[in-house]
Amino acid sequence: MIRLSVALGALLALAACGGGNRLATSNQFNNPVVQFATGPIQKACQAQGRKQASRARCGCVQAVADRELSASDQRRGARYFRDPHKLQQVRQNQDGNASNRRFWAAWKSYGQKAARVCSGV
């Protein structure tokens, strides 16, 4: 019994030291597991110092971004955390600008999913 406890403890400690991405949505006991990842969105989110921008929430929105956005869209989106007005300009400047149109559609979809997944974090 002691060996099993030690082995389980070692396994849990090793799992806690894992890589930057943890994208599981539930564990073997069907309890929700907070999604977490590191990357440009997570760093930009944390850098703003907003009250709601906890490490867990910023990591969660990055985990969703890893699934929903390309690396270039993540880098582009991270820049808008510093200046949200520029994102508003992208939203308003879609006519005749295919890049803005494509980015805005991807960003809007990502934002809705991130809000759903990370709202309780």
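See the structure above.
What counts, and where the lines are drawn
Residues numbered from 1 in each chain as written. Predicted model: local features only at pLDDT ≥ 70, side-chain atom pairs only at ≥ 80, totals over all residues. Heavy atoms only, no water. Helix = DSSP H or I, 4+ residues; strand = E, 2+ residues; numbered from the N terminus. Buried < 20%, exposed > 50% of the residue type's maximum accessible area, 1.4 Å probe, protein only. Contact = heavy atoms within 4.5 Å. Patch = residues over 30% accessible without salt bridge, like charges linked within 9 Å, V, L, I, M, F, W, Y side chains within 5 Å. Areas by Shrake-Rupley, 256 points an atom, 1.4 Å probe, with all protein chains shown as cover. Salt bridge = Lys/Arg side-chain N within 4 Å of Asp/Glu carboxyl O. Lys, Arg positive; Asp, Glu negative; His and termini not counted. Charge placed at Lys NZ, Arg CZ, Asp CG, Glu CD. Disulfide = S-S within 2.5 Å. Arc of directions from axis to C-beta.

Caption draft 1: Region of the structure containing the overall build of the protein chain. Check the secondary structure of the protein chain and you find six helices and zero strands. The 121 residues of the protein chain split such that 29% are buried. Put simply, 53% of the contacts in the protein chain that link residues at least 6 apart link residues at least 24 apart.

Caption draft 2: Up close: a positive patch on the surface. A cluster of basic residues, Arg75, Arg79, Arg82 and Lys86, forms a positive patch at the surface. Top element by residues in the positive patch is helix H4 (residues 71–82). It accounts for three residues. With relative accessibility at 48%, the residue Arg79 sits in the partly exposed group.

Caption draft 3: Seen up close, the state of the cysteines. All told, the structure shown has two disulfides when counted by the stated rule. The disulfide partner of Cys45 is Cys58, and the gap between their sulfur atoms is 2.0 Å. Around the S-S axis, the bridge from Cys45 to Cys58 shows a dihedral of about -65° and counts as left-handed. One end of the pair, Cys45, is in helix H2 (residues 40–47); the other, Cys58, is in helix H3 (residues 55–68), with 13 residues separating them in the sequence. The exposure class assigned to Cys45 is buried, which follows from its relative accessible area of 9%. For Cys58, a relative accessible area of 0% puts it in the buried group. With a sulfur-sulfur separation of 2.0 Å, Cys60 is cross-linked through a disulfide to Cys118. Its torsion about the S-S bond being -90°, the disulfide of Cys60 and Cys118 is classed as left-handed. One end of the pair, Cys60, is in helix H3; the other, Cys118, is in helix H6 (residues 98–118), and 58 residues separate them in sequence. The exposure class assigned to Cys60 is buried, which follows from its relative accessible area of 1%. Across the protein chain, the way the bonded cysteines pair up, counted in sequence order, is 1-2, 3-4.

Caption draft 4: Quick look at H2. Buried within H2 are the following residues: Ile41, Gln42, Ala44 and Cys45. Along the long axis of H2, the arc covered by the buried residues comes to 165°, so they all point the same way. More than 90 degrees from the buried face of H2, the exposed residues found are Lys43 and Ala47. On its buried face, H2 sits against H3, H4 and H6. Within two residues after H2, Gly49 carries a phi angle of roughly 70°, on the positive side.

Bear in mind that shape data such as this cannot, by itself, settle questions of function.
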